[in-house]
Amino acid sequence: MDTQWMKTDVLIIGGGTAGTMAAIKAKQANPEGEVLILEKANIRRSGAIAMGMDGVNTAVIPGNSTPEQYVREITISNDGILNQKAVYQTGKLGFGVIQELESWGVKFQKDAQGEYDLKQVHRVGKYVLPMPEGKDLKQILTRQVKRHKAKVTNRVMATRVLVKDGRAIGAVGFDVRNGDFVVIQAKAVVLCTGASGRLGLPASGYLYGTYENPTNAGDGYSMAYHAGAELSNIECFQINPLIKDYNGPACAYVASPFGAYTANAEGNRFISCDYWSGQMMLEVWKELNSGKGPVQLKMTHLDEDTIAEIETILWANERPSRGRFHEGRGENYRTHGVEMNISEIGLCSGHSASGVWVNEKAETSVPGLYAAGDMASVPHNYMIGAFVFGMLAGTNAVEYVAGLDHVDPDPEFLEVEKTRIYAPLTRPSGVPHTQVEYKLRRLVNDYLQPPKVDNKMEIGLRNFARYHETLDLMGARDPHELMRCMEVHFIRDCAEMAARASLYRRESRWGLYHYRVDYPDKNNDEWFCHVNLKKDDSGNMVLFKRPVEPYIVEVDLEREVYDVAVR
Amino acid sequence: MALATQRVDVPVIVDESKCLEKCTACIEVCPLDVLAKNPETGKAYMKYDECWFCLPCEKECPTNAITVQIPFLLR
Ligand SMILES: Cc1cc2nc3c(=O)[nH]c(=O)nc-3n(C[C@H](O)[C@H](O)[C@H](O)COP(=O)(O)OP(=O)(O)OC[C@H]3O[C@@H](n4cnc5c(N)ncnc54)[C@H](O)[C@@H]3O)c2cc1C
Ligand code: SF4
Ligand code: SF4
């Protein structure tokens with residue numbers, strides 16, 4: 001096993017949605033500066049948007065809505081717990097991102113007058129902008145990364161951020177093909193590794209049959225934690241209404257503007273709004289538990305042209321294997337509703353609010369460490385939010401590195417990390433990562449899937465804390481298996497954070513995402529705050545309240561309660 | 001540790017008659033890095049059963065040699 005040393009000014013870990021944009025913007029801010037993207041897969045087809053996207057979910061387009069309206073909408077749907085200044089950035093800067101993407105060749109839907117053809121999916125405003133031709137998004141971004149002369153190292157997985165004197169100074173990882181140990185010195189580090197998408201176990205039992213791209217195993221959550229950064233709202237899980245077994249979006253965001261809707265088995269509506277929220281998921285959960293399920297996305301009443309158009313979008317973009325899934329079961333939008341199920345849990349601020357704490361400049365609580373995209377705690381941020389925070393992280397990191405020098409990493413730390421990474425290779429006959437991961441994620445389902453029960457979560461926590469011993473039994477036969485083993489380490493960290501944060505917040509909030517049977521009510525007097533966690537100096541996970549930043553857009557949360565039940 | 005080798009049905013099928021020996025397109029784009037070349041035949045195959053049924057491999061294959069099925073447990 002060789003060691004590769006690299007040096008760069010700005011290191012971006014994860015070249016997906018946020019990461020590619022961070023690199024492009026860092027280069028635009030300072031073309032002379034060195035920017036390196038470290039990517040576990042290949043940036044051409046990596047991450048959530050590997051096959052494009054059905055649409056923009058959070059488009060604030062002048063003439064249709066304002067950043068203030070958008071902030072209001074997200075404040076209400078996220079039960080008031082957010083840093084409004086950060087959400088405002090997505091509302092304010094998203095339009096510029098859309099225009100720049102367009103100038104690079106990304107196509108957004110326009111009406112006959114050539115105006116952006118926005119749809120209403122959220123409760124109040126129109127923020128969904130369809131992209132029926134969105135499938136080449138990632139290649140277009142890759143081309144721009146090259147054009148801006150940012151460097152890319154594919155197939156290297158980061159495992160730890162290097163920190164010295166409380167400042168991020170690089171990262172370590174390994175080449176998932178030849179196994180080389182990789183050390184990168186950097187003046188600033190941007191984490192863009194996506195969601196914690198392999199936390200719960202899908203009902204199908206297939207480890208990679210997840211909603212999120214399964215390469216995103218919570219790597220950045222764990223790396224930020226070990227770097228000493230704060231994480232926020234971890235108890236606000238991601239739980240989605242998905243096509244049963246397929247576990248992908250059905251997708252109501254595309255189909256509902258055409259007249260499709262979510263219905264119970266009798267074909268009746270039970271929610272008034274298809275926008276994903278914990279409150280909506282609670283209604284789905286109640287419906288399924290009342291004997292009126294299964295729940296379906298209903299399209300059978302639509303005419304042939306409309307259904308054909310929906311099929312063209314859904315089967316070409318984002319999750320294009322949807323079509324063959326339905327076909328394999330002999331089902332069709334014309335004759336069958338799409339059976340929906342409640343997903344296993346994950347962590348993701350792109351959809352809910354669980355992530356690494358960042359401010360409106362994409363700074364984490366560790367100097368020199370930035371975070372963007374699904375792993376950064378800006379609620380409901382989706383794809384445009386990932387682009388906006390990638391942009392903020394890239395440009396602010398460039399400003400931060402001015403005048404800074406590289407710092408040598410601590411040799412002892414490198415040795416310890418090297419031993420940790422390569423341990424599974426020393427026992428090729430150890431327990432396969434598949435079994436170790438399956439058991440861990442099954443325990444996550446058993447003890448953390450809401451409704452959350454105190455006694456169960458305590459048992460879960462004990463299991464996760466003890467799971468270090470099980471990780472030490474894991475064996476790998478090649479660098480690929482080693483990558484999966486290291487991902488299981490990340491998943492364990494996320495499971496422990498999820499259990500501790502859920503136990504800490506003694507109330508219920510965000511509908512099903514944090515529905516605690518022992519504390520069924522919302523308690524604004526005690527819990528109108530973030531729950532943040534971090535690793536303290538002695539290596540313990542500590543939790544604490546962080547006050548909600550003063551609002552910049554006034555919202556009366558007593559009057560405006562998010563409620564989507566049809567009664 | 002005592003280990004057994006078990007058979008699994010994998011979702012990606014490669015039509016070997018169409019697969020080009022010098023090409024690695026599918027292997028390069030797979031986000032899960034689960035495809036590889038069989039050193040003996042020079043043909044691509046699914047080496048690890050860890051698939052997101054996302055389709056870049058199928059889409060980028062110059063000869064349409066790849067078919068991605070929905071993984072058996074989900075089908
Ligand atoms: C199925 C699906 C449908 C969606 N539909 C929509 C939609 O219609 N509209 C919308 O606005 N949003 C949608 N979203 C949300 C949106 O796609 C995400 O919020 C956004 O793409 C997240 O960007 P990201 O950069 O955080 O993550 P990604 O784009 O997933 O990037 C993460 C990158 O990090 C890499 N990586 C991970 N770990 C490591 C490591 N240890 N070392 C190096 N690299 C690493 C990964 O390989 C990947 O390239 C959808 C998401 C999914 C999964
Ligand atoms: S479908 Fe996706 S995950 Fe599966 S082999 Fe092809 S590229 Fe890889
Ligand atoms: S892309 Fe097609 S031709 Fe190329 S290696 Fe893969 S299967 Fe063979």
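Residues numbered from 1 in each chain as written. Chains lettered and ligands numbered in written order. Predicted model: local features only at pLDDT ≥ 70, side-chain atom pairs only at ≥ 80, totals over all residues. Heavy atoms only, no water.

Naming follows an unreviewed UniProt entry, where chain B appears as Adenylylsulfate reductase beta-subunit of uncultured Synechococcales cyanobacterium.

Trainee: Just to check I follow, could you spell out the site of ligand 3 for this structure?
Mentor: Every residue lining ligand 3 is accounted for by Cys19(B), Leu20(B), Cys23(B), Ala25(B), Cys26(B), Lys37(B), Ala44(B), Cys61(B), Pro62(B), Thr63(B), Ala65(B) and Ile66(B). In terms of residue class, the shell around ligand 3 is built from 10 nonpolar, one polar and one charged. (Near = heavy atom within 4 Å. Nonpolar A, V, L, I, M, F, W, Y, C, P; charged D, E, K, R; others polar.)

Trainee: Is there a simple way to explain the site of ligand 1 in this structure?
Mentor: Residue and element names in this part refer to chain A. Near ligand 1 you find 38 residues, and of these Thr 17, Glu 39, Gly 55, Asp 219 and Asp 374 are the closest. Here an oxygen atom of ligand 1 and a side-chain polar atom of Asn 216 are 2.9 Å apart. If ligand 1 stood free it would expose 1,000 Å²; the protein chains cover 99% of that surface. Going through the elements one at a time, α1 (17-29), β3 (55-56), β7 (156-164), α5 (219-226) and α10 (382-401) are the ones with two or more residues in the shell around ligand 1. Looking at the shell around ligand 1 residue by residue, the classes come out as 17 nonpolar, 14 polar and seven charged. (Polar contact = N/O pair within 3.5 Å; in protein donor to acceptor, adjacent residues only side chain to side chain. Areas by Shrake-Rupley, 256 points an atom, 1.4 Å probe, with all protein chains shown as cover. Helix = DSSP H or I, 4+ residues; strand = E, 2+ residues; numbered from the N terminus.)

Trainee: Even after reading the chapter, I still don't get the packing of aromatic side chains, so can you show me in this structure?
Mentor: Describing an aromatic ring pair means giving the distance of the ring centres and the angle of the ring planes. Using the criterion set out here, one finds 16 aromatic pairs over all chains in the structure. Between Tyr206(A) and Tyr208(A), the ring centres sit 6.0 Å apart and the planes meet at 75°, which makes this aromatic pair edge-to-face. When its relative accessible area of 2% is taken as the criterion, Tyr208(A) is described as buried. Taking 5.3 Å as the distance between ring centres and 65° as the angle between the ring planes, the aromatic pair formed by Tyr246(A) and Phe53(B) counts as edge-to-face. Note that Tyr246(A) is positioned in the loop between β11 (241-243) and α6 (252-255) and Phe53(B) in the loop between β3 (44-46) and α2 (56-60), a pairing that runs across two chains. Classification of Tyr246(A) by relative accessible area gives buried; the value is 0%. Sitting over the face of the ring of Phe237(A), Lys452(A) holds its NZ or CZ atom 3.7 Å from the ring centroid. Just above the ring of Trp527(A) sits the side chain of Lys545(A); from NZ or CZ to the centre is 4.3 Å. (Phe/Tyr/Trp six-rings, centres within 6.5 Å; stacked < 30°, edge-to-face > 60°. Buried < 20%, exposed > 50% of the residue type's maximum accessible area, 1.4 Å probe, protein only. Lys NZ or Arg CZ within 6 Å of the ring centre and 35° of its normal.)

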